[in-house]
Amino acid sequence: MAVRPNREAILALADGRTFRGRAFGTIGEAVGEVVFNTAMTGYQEVLTDPSYRGQMVCMTYPEIGNTGVNREDVESRRVYVEGFIIKECCERPSNWRSELSLHEYLEQAGVVGIEGIDTRALVRHIRTHGAQEAVLSSIDLEPESLIRKAKASPGLIGKDLVAEVTCAEAYDWELSDWELGRGYRAMSKEEMRDAPRVVALDYGIKLNILRRLVASGFRVRVMPAHSTADQILAENPDGVFLSNGPGDPAALPYAHKAVAGVLGKKPVFGICLGHQILGLALGGQTYKLDFGHHGANHPVLDLRTTRVEITSQNHGFAVDTESLKGRAELSHLNLNDRTVEGMRGQGVPFFSVQYHPEASPGPHDSSYLFRRFRKMVEMFPRYGADTLDRLMAEETVNANG
Amino acid sequence: MPLRKDLKSVLLIGSGPIVIGQACEFDYSGTQAIKALREEGLRLILVNSNPATIMTDPELADRTYIEPMTAAAIAKIIEREWPDALLPTVGGQTALNLAIELAESGVLDRFKCELIGAKLPAIKKAEDRDLFKQAMVNIGLEVPRSAIAHSMDDAERIRRELGLPLIIRPSRTLGGTGGSIARELDEFRARVAWGLEMSPIHEVLLEESVEGWKEFELEVMRDGADNVVIICSIENLDPMGVHTGDSITVAPAQTLTDKEYQIMRDAALRIIREIGVDTGGSNIQFAIDPKSGRMVVIEMNPRVSRSSALASKATGFPIAKIAARLAVGYRLDEIPNDITKKTPACFEPTIDYVVTKIPRFTFEKFRGATDELGPQMKSVGEAMAIGRTFKESLQKALRSLEIGSFGFEPHSKDANRDETLAALRKEVGRPSSLRLYHLANALRLGISREEAHALSRIDPWFIDAIAEIVAAEDGAAREPFSESYFRKFKAMGFSDRRIADLRGIEEGEVARSRRSFGVMPVFKAVDTCGAEFQAFTPYLYSTYEGEDEAEPDNRRKVMILGGGPNRIGQGIEFDYCCVHASLALKEAGFETIMVNCNPETVSTDYDISDRLYFEPLTFEDVLAIAEREKPMGVIVQFGGQTPLKLAVPLARAGVPILGTTPDAIDRAEDRERFNALVEKLGLKQPRGILARSLDEAVAGAERIGYPVLIRPSYVLGGRAMEVIADEAGLRRYVAQAFEASERHPLLIDRYLRGATEVDVDAISDGETVVIGGIMEHVEHAGIHSGDSACALPPRSLSPELQRSLIDQTKMLARELGVVGLINVQYAIYEGEVFILEVNPRASRTIPFVSKAIGVPLAKLAALVMAGRKLADLGFTSERVPRHVAVKESVFPFARFSGVDTILGPEMKSTGEVMGIDSSFAMAFAKAEIAASSDLPLGGRVFISVRDEDKPLLDPIVRGLAEMGFELVATRGTAAYITRLGCRCETINKVLEGSPHIVDAIVQGRIAAVINTPDASGTADSFSIRRTALEHRLPYFTTMAGARAAVEGIRALRSEGLEVRALQDYHRG
């Protein structure tokens, strides 16, 4: 086990509030927007979620690192959070799959951590004053200097963070769901032979979305975020998937254009940033939330079935559906703050959700959406523009029968 | 789906008396359910035999039946009230079992009463082990391999198939009664036999042992639209093998990755759907193999449970209240979250602190019981603590237990100073009430964390935390005091007292130094959401961090100290009083602040008081709250001995104590000052002395004359109190006694053999004293008042004697300047009144008296303490009811194999029931039935009494003979009975060889046992009492009890049991 240096660290917010704690992970300095995540499990998935690019995450649950880190529970190939803020960092993890401690993992990843601060006070501050830029440092312990740096940080708005996280080249993905004792299952060529093909646009895609797509019976081709509509259509996919990703959806005009170019031609399913990009591609608007939704316990109402799903969430921006009247209808609503959680095309076969049906971390209540996408892709060649109406009607029949 | 319009009235079944496995948590859940449903405009009918509950307060339900919890009695209630629905899921296993019985016998159909919450098939699927197992297999989940046995032959066959060790679980018993694990063959046979005996349906499950696996629980809720949410995950620190009620548990789960947690969550959703619980909460238990992560489902409770009470307190999500609303039609998303107000109840709470529950045991009360934990629950209560880290939460929980522990003391009390590591290794490997301390000790003495884990199978994560606390002790003992010193060690949960012990200084010195560095606790809110939304309910806990959220206001406020964890001698009765105090003062315009650490209780429902502090009841923790809130006064006299002990130190620290002064309390508790008081008033008490050494004790007892009653001063529930017959006994006692009470001397009194004992409860405003009730005990003096049955009004006391009791009580109240409640215990011996004890505080009998006379004494007392006068409150004269109320006690003997059932001066009961009717005989009969001592209406009664009791036999045997009972007795007693002119068969004592009385009991040939202990032959009579207990026979160990039983049987035979609502008794 690596011996941790006993070193101070300071988190300074742009509005001048500072928190002193102990450093862990790498010794250094990080800048980013501070957000809080209320999930009690899944810190490793959070750390590796590319949507956190440009952000430092504070976990509200105080004991973090208990289960260590393993090679399986990752949502990308690296750690993406800029800094990690927790109450207590577990030195000796206990779990049968654990391979590294949280400290060791962040140290190897070159990510700065701070523990031992009043994380609840930080959360209450963000709740009241909004998410904001901050600096986390274990090399500069001068609060004034840190606050200055935090103030100087430009923030997320208008910034293309997707370019920093998307893949450089297109690739195929073949791993399916994780099973206890078996790990991730690779689909055989046999199984995949007749499967429909989907292009997944990688705006910072979580691996579990890819796994869920494979598990739902798709052959998956991942393409870089700046792929054009022509490039996408040239792959001749049966459906197009728009992934999650970091930052401001309005800063991605190339993505809006590409999506606008495939809408109507291919069935489209979007998650999180993908959902926002869809909204913008349809000519709607997005806006920044005060402190966003980051957690695994948000109730979302499916307006059609009136069933409630407990969802995994991670977003700081939202779609204004008012701006989409006639082009998309509201399908899902957040019961906590009545914000938009999902929409569905009107006369165009697409649907999207703001939350994360792929979970990881979080509940699996919404996995039906992947099945729905599969169904939509299957029905599209037959029904074209009517696909979604047909699909909804069929789902209602199933629900009643 | 809003409220169902077709339901107008709902019957709710409570859980009856407090027993091991079913405590206040069901008063908490039932009370929540009643309040929630009445808010919906429904008419609520309640049945519960336990008068000490809040739910049986007559203003809570529309119709309150304090009647025996039998299907027959409830059928009568249904017949009278015609409820549209029966809600069986908030009254524990008792309510569920009764609901099954009522449904299967056709009563519910006959009266068109619908089961809501869970329907019969769902209940059966969850409760019947075979059906449950099949259901799990159907949905692809694993369960431990197992099979059902109805006989020893079945069991042997199963053993050959599955191999040992096997877990033996009797079906349909409370808290796992009769459960055990068998590792050897002979052990296996004996334990299967015992298990079959304990099961009311003569059925045991034999199960593959998953001992040592990690144990988890999920609290799940489902609504009628099939929305399902998880309220809380709980991880047991004690691995599989220890009943979850006896395990130290932690919320949320600590050692699961998200992938593993979601597997469990998915399973829980599938289970609740497959079992078909329509609406409400369920508790599902899982075991996980720490080596592979393999998960098996252990069991499911299709109802709210002890764990759901814990989960409610741990998260702020009121499971029972929501469950009740769901049962009458609402959906989760239609119900608002009380705490955030803006968000719905349809979500999964997230918490930003760690909750630790530690059970409280009382093995010391039961001689012969071994302190060993297994699948059968043995704890009598629990304490819960909240901290920002596990280490802080754990250390807070330790000091919440009130076992004299303020952290991980080396516990030299129970082990030799020079105990070897070998002994410690054994203790670490053996689950017991003190294992955690042994574990800490072992780590302290150098056993490695790995070895500690190998021995205990406790997850290394928990062991590490304890190891870190132990490792920090050195620094805490040596490092100089400074701000950073205190920040560091207080955040780890070290109490001032523990730091003082480590440094060999006084607690006060630590506290002063800490304050001088400005290190004070802050208070944070329990808000269901990890601070994501604003919380409107001040439900708080302390921690050592930066920001304080308490935001106290400047209203006139009263702080009420609760009773802490339930234990024998201090339980629900005191919580009842605290709740009443809070409700009354709130109504009178005060802001009320509750402080308590017992998660089972109504008092720790955030709905009861304006502000709730979930904190240990130690001087340090309570003072911190008082300093932050600055109440106009603190009520210490309602929570039992726990807060009472804090009265003097709090007063010294400048905290105003409301009502009777700490000095007056001390005058009543301190023996020498009390003697002076009695003498001053010219009253009588049994001759007694105070002994501070063995010599003083021997000389004193000689002067008083044997037998003597001996006990340490300042104890509750007659802890360590005994009747001693001679000097040898005295010497043996003294040798052990100074353990029971370190700082207080021994009290030795003359024992008034055969005296009638009387309890008097009264209320005083400092000027007017009004008698609440006079209770005549059924058993003679010498049996702890908490264990004896008693009747109100008294049945045999002359008006003159009653007058004298009233006068003496008033004199005592006035002399002590009582403002609030006072309880006096008297013995009437040869026509004279002797004072045994004065308690200037709420007594255990307050709820019983309040319900018997229809006056809420605790509420009045709280108002009086806040300055009101009894005249203004309209209570100026004693209210003697025309009906009779009998209180009977309920005992946990069946839980402790090898323990005798004889009653004595040390309290052993866990709970009480009330029988109420127009005559003593019927009220007593109801109380007996309610206490599960089913009075037989015919058959053979076995009688064996000691010589001195024989003169009292006449009315008993004559009465039984007249009613056609056959009598059978041991030789001496039989001869005596025959001389009285009654027919009586003779049967062998056990020592005389087979066929003997125990054989007869085992063969089911005996309907009831009357057996008073003979000082010499206790071994023989012990086996009789024990066998009777194990065969669930009514047995009477006192002549007075037997005589009352005969009267009760006569009443039952002639009149039959009728039911009547409390509201009707008090109306006219």
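These numbers were taken from a predicted model, which means no experiment stands behind them.

1. A word on the overall build of chain A
Part 1 of the reasoning: Scanning chain A from N- to C-terminus turns up 12 helices and 21 strands.
Part 2 of the reasoning: The C-alpha atoms of chain A give 21 Å as radius of gyration, which agrees with the globular expectation for 401 residues (21 Å, within 12%).
Part 3 of the reasoning: The dimensions of chain A, computed from C-alpha atoms along their principal axes, are 65 × 45 × 40 Å.
Part 4 of the reasoning: For chain A, the residues scored as buried account for 66% of the 401 residues in total.
Part 5 of the reasoning: Considering only intrachain contacts with a sequence separation of at least 6, the fraction spanning at least 24 residues in chain A is 73%.
Part 6 of the reasoning: As presented, chain A carries roughly 14,000 Å² of accessible surface, and 47% of it is formed by carbon and sulfur atoms.
Part 7 of the reasoning: Counting 45 positive and 52 negative side-chain charges, chain A places the averaged centre of each group 2 Å from the other.

2. A few points about the sheet that holds strand S33 (residues 911-917) of chain B
Strands pair in a sheet through their backbones, by hydrogen bonds, and they do so in one of two ways: parallel or antiparallel.
Residue and element names in this part refer to chain B.
Part 1 of the reasoning: Strand order in the open sheet made by the 7 strands is S31-S30-S27-S28-S29-S32-S33, with antiparallel pairing throughout. Two strands close off the open sheet at either side, each with one partner strand: strand S31 (832-839) and S33. The sheet shows a mean angle of 25 degrees between the axes of neighbouring strands, taken without regard to direction.
Part 2 of the reasoning: Bridging between strand S32 (residues 884-890) and S33 involves 7 bridges; their strand directions are antiparallel. Among the inter-strand pairings, Glu 888 is bridged to a residue of S33, identified as Val 913.
Part 3 of the reasoning: Lying over the sheet, helix H27 (residues 799-816) contacts strand S27 (756-765), strand S28 (769-780), strand S30 (819-829) and S31, oriented at roughly 140 degrees with respect to S30.

3. Brief notes about the packing of helix H2 (residues 71-81) of chain B against helix H3 (residues 92-104) of chain B
Residue and element names in this part refer to chain B.
Part 1 of the reasoning: At their nearest, the axes of H2 and H3 sit 10 Å apart, and the two run at 65 degrees to each other. If you check the angle between H2 and H3, you find them roughly perpendicular. You can see that H2 and H3 cross each other, and the crossing is right-handed. Residues Ala 71, Ile 74, Ala 75 and Ile 78 of H2 pack against Leu 98, Glu 101 and Leu 102 of H3.
Part 2 of the reasoning: In terms of residue class, the contact of H2 with H3 is built from 6 nonpolar, no polar and 1 charged.

4. Digging into the interface of chain B and chain A
Part 1 of the reasoning: Taken residue by residue, the interface counts 63 residues in chain B and 52 residues in chain A.
Part 2 of the reasoning: The three residues of chain B that bury the most area against chain A are Asp258(B), Lys259(B) and Glu532(B), which together make up 15% of that side's buried surface.
Part 3 of the reasoning: If you look at where chain B meets chain A, you find 16 salt bridges.
Part 4 of the reasoning: Glu547(B) is the salt-bridge partner of Arg17(A), the closest N and O atoms lying 3.8 Å from each other.
Part 5 of the reasoning: For the pair chain B and chain A, the number of links is 34 residue pairs in polar contact (both at pLDDT 80 or more).
Part 6 of the reasoning: Mapped by element, the contributors of at least two residues to the side of chain B that touches chain A are strand S11 (228-236), helix H9 (258-275), helix H12 (390-400), helix H16 (460-478) and strand S17 (522-525) of chain B.
Part 7 of the reasoning: Its residues assigned to classes, the side of chain B that touches chain A shows 24 nonpolar, 13 polar and 26 charged.

5. Points about the packing of aromatic side chains
Two aromatic rings, taken as a pair, are described by how far apart their centres are and by the angle between their planes.
Part 1 of the reasoning: Applying the stated criterion across every chain, the model contains 28 aromatic pairs over all chains.
Part 2 of the reasoning: Ring geometry for Phe363(B) and Phe896(B): centres 6.0 Å apart, planes at 80 degrees, overall edge-to-face. Of the two residues, Phe363(B) is situated in the loop between strand S15 (354-360) and strand S16 (381-387) and Phe896(B) in the loop between S32 and S33; the sequence distance between them amounts to 533 residues.
Part 3 of the reasoning: You can call Phe363(B) buried: its relative accessible area is 9%.
Part 4 of the reasoning: Judged by its relative accessible area of 2%, Phe896(B) is buried.
Part 5 of the reasoning: The interplanar angle of 85 degrees and the centroid separation of 5.1 Å between the aromatic rings of Phe523(B) and Tyr613(B) together place this pair among those described as edge-to-face. Of this pair, Phe523(B) sits in strand S17 while Tyr613(B) sits in strand S21 (residues 611-614); the two residues are 90 residues apart in sequence, bridging distant segments of the chain. Summarising the burial analysis for this pair, Phe523(B) and Tyr613(B) share the class buried.
Part 6 of the reasoning: Among the aromatic side chains, those forming a connected cluster through ring pairs are Phe218(A), Phe241(A), Phe269(A), Phe351(A), Phe370(A) and Phe373(A).
Part 7 of the reasoning: Positioned above the aromatic ring of Phe481(B), the side-chain terminus of Arg503(B) is 4.0 Å from the ring centre.

6. As for the state of the cysteines
Part 1 of the reasoning: The final tally for this structure, using the stated rule, is 0 disulfides over all chains.
Part 2 of the reasoning: Cys90(A) provides the cysteine sulfur closest to Cys89(A), a residue in no disulfide bond, and the two sulfurs are 7.1 Å apart.
Part 3 of the reasoning: Judged by its relative accessible area of 6%, Cys89(A) is buried.
Part 4 of the reasoning: Its sulfur unpaired, Cys24(B) is 11 Å from the next cysteine sulfur, which belongs to Cys578(B).

7. As for the side chain of Ser305(B)
Part 1 of the reasoning: Among the structural elements, Ser305(B) can be located in the loop between strand S14 (295-301) and helix H10 (306-315).
Part 2 of the reasoning: Apart from the residues lying within four places of it in its own chain, the contact partners of Ser305(B) are Glu25(B), Phe26(B), Glu219(B) and Asn283(B).

8. Topic: the domain arrangement of chain A
Residue and element names in this part refer to chain A.
Part 1 of the reasoning: Partitioning chain A into structural domains gives domain 1 (8-152) and domain 2 (165-399).
Part 2 of the reasoning: Taking only C-alpha atoms, the centre of domain 1 and the centre of domain 2 are 28 Å apart.
Part 3 of the reasoning: With 28 residues of domain 1 in contact, the opposing surface of domain 2 contributes 26 residues.
Part 4 of the reasoning: Of the roughly 2,100 Å² buried between domain 1 and domain 2, counting both surfaces, carbon and sulfur atoms make up 54%.
Part 5 of the reasoning: Together, Ser 51, Glu 72 and Glu 75 form the three largest contributors to the area buried by domain 1 at its contact with domain 2, with a combined 27%.
Part 6 of the reasoning: Linking domain 1 with domain 2 are 2 salt bridges.
Part 7 of the reasoning: Its salt-bridge partner being Lys 288, residue Glu 33 comes within 2.7 Å of it at the nearest N-O pair.
Part 8 of the reasoning: Applying the counting rule to domain 1 against domain 2 returns 14 residue pairs in polar contact (both at pLDDT 80 or more).
Part 9 of the reasoning: Those elements that place two or more of their residues in the side of domain 1 that touches domain 2 are strand S3 (29-37), helix H1 (43-47) and helix H3 (119-129).

9. So, the nonpolar core
Part 1 of the reasoning: Core analysis: the largest hydrophobic core is formed by 112 residues, its most contacted members being Leu12(B), Leu87(B), Met221(B), Ile386(B), Leu585(B), Ile635(B) and Phe638(B).
Part 2 of the reasoning: A total of 8 residues in this core trace back to one element, the largest contributor, which is helix H29 (residues 857-865) of chain B.
Part 3 of the reasoning: Excluding residues that lie within four positions of it along the chain, Leu585(B) makes contacts with Val558(B), Ile560(B), Phe590(B), Thr592(B), Ile635(B), Ala862(B), Leu863(B) and Ala866(B).
Part 4 of the reasoning: Core analysis: the next-biggest nonpolar cluster, separate from the first, contains 90 residues, Ile64(A), Leu434(B), Ala440(B) and Phe462(B) among them.

10. Overview of the pattern of salt bridges
Part 1 of the reasoning: Using the criterion set out here, one finds 124 salt bridges over all chains in the structure.
Part 2 of the reasoning: Between Arg265(B) and Asp365(A) there is a salt bridge, with the nearest N and O atoms lying 2.7 Å from each other. Placement of Arg265(B) in helix H9 and of Asp365(A) in the loop between strand S21 (350-353) and helix H11 (368-383) is noted, with the two residues assigned to different chains.
Part 3 of the reasoning: Of the residues examined, Arg265(B) reaches a relative accessible area of 0% and is grouped as buried.
Part 4 of the reasoning: Lys926(B) is the salt-bridge partner of Asp917(B), the closest N and O atoms lying 2.9 Å from each other. Judged on exposure class, the residue Asp917(B) and its partner Lys926(B) are both buried.

11. What about the sheet that holds strand S18 (residues 308-320) of chain A?
Residue and element names in this part refer to chain A.
Part 1 of the reasoning: Judged by pairing direction, the sheet is mixed, and its 10 strands sit side by side in the order S10-S14-S13-S15-S16-S21-S20-S19-S17-S18 without closing on themselves. Each edge of the open sheet is held by one strand with a lone partner, namely strand S10 (171-173) and S18. Between one strand and the next, the sheet's axes are offset by a mean angle of 25 degrees, whatever the strand orientation.
Part 2 of the reasoning: Summarising the sheet, strand S20 (residues 340-345) and S21 pair through 3 bridges and their orientation is antiparallel. Counterpart to Gly 342 in the pairing with S21 is Val 353.
Part 3 of the reasoning: On top of the sheet, helix H7 (residues 207-215) reaches S10, strand S13 (197-202), strand S14 (219-224), strand S15 (239-242) and strand S16 (268-271); it is set at about 65 degrees to S10, its chief contact.

12. Description of the packing of helix H7 (residues 152-162) of chain B against helix H8 (residues 185-198) of chain B
Residues and elements named next belong to chain B.
Part 1 of the reasoning: At their nearest, the axes of H7 and H8 sit 10 Å apart, and the two run at 135 degrees to each other. Classified by the angle between their axes, H7 and H8 sit oblique to one another. The two elements H7 and H8 cross, and the hand of that crossing is right-handed. Two secondary-structure elements touch here, H7 through Met 152, Ala 155, Glu 156 and Arg 159 and H8 through Leu 185, Phe 188, Arg 189, Val 192, Ala 193 and Leu 196.
Part 2 of the reasoning: For the contact of H7 with H8, the class distribution of residues is 7 nonpolar, no polar and 3 charged.

13. A look at helix H31 (residues 920-930) of chain B
Part 1 of the reasoning: The element H31(B) is extensively covered by neighbouring structure, given that 11 of its 11 residues are classed as buried.
Part 2 of the reasoning: Immediately beyond the C-terminal end of H31(B), within one or two residues, lies Ser932(B), with a positive phi of roughly 70 degrees.

14. So, the confidence of the model for chain B
Part 1 of the reasoning: Per-residue confidence for chain B gives a mean pLDDT of 93; residues scoring 70 or more make up 97%.
Part 2 of the reasoning: Two numbers describe this predicted complex: its pTM, 0.95, and its ipTM, 0.97.

Calculation criteria
- Residues numbered from 1 in each chain as written.
- Chains lettered and ligands numbered in written order.
- Predicted model: local features only at pLDDT ≥ 70, side-chain atom pairs only at ≥ 80, totals over all residues.
- Heavy atoms only, no water.
- Helix = DSSP H or I, 4+ residues; strand = E, 2+ residues; numbered from the N terminus.
- Rg over C-alpha atoms; globule rule 2.2 N^0.38 Å.
- Buried < 20%, exposed > 50% of the residue type's maximum accessible area, 1.4 Å probe, protein only.
- Contact = heavy atoms within 4.5 Å.
- Areas by Shrake-Rupley, 256 points an atom, 1.4 Å probe, with all protein chains shown as cover.
- Lys, Arg positive; Asp, Glu negative; His and termini not counted.
- Charge placed at Lys NZ, Arg CZ, Asp CG, Glu CD.
- Pairing = 2+ DSSP bridges.
- Axes fitted to C-alpha atoms, helices over the stretch in contact; angles between N-to-C directions.
- Parallel < 35°, antiparallel > 145°, perpendicular 65-115°, else oblique.
- Left-handed = near helix turned anticlockwise from the far one by under 90°.
- Nonpolar A, V, L, I, M, F, W, Y, C, P; charged D, E, K, R; others polar.
- Buried area = accessible area lost by both parts, 1.4 Å probe.
- Salt bridge = Lys/Arg side-chain N within 4 Å of Asp/Glu carboxyl O.
- Polar contact = N/O pair within 3.5 Å; in protein donor to acceptor, adjacent residues only side chain to side chain.
- Phe/Tyr/Trp six-rings, centres within 6.5 Å; stacked < 30°, edge-to-face > 60°.
- Lys NZ or Arg CZ within 6 Å of the ring centre and 35° of its normal.
- Disulfide = S-S within 2.5 Å.
- Domains from an automatic or database assignment.
- Core = buried A, V, L, I, M, F, W, Y, C linked by side-chain atoms within 4.5 Å.
- pLDDT = per-residue confidence, 0-100.

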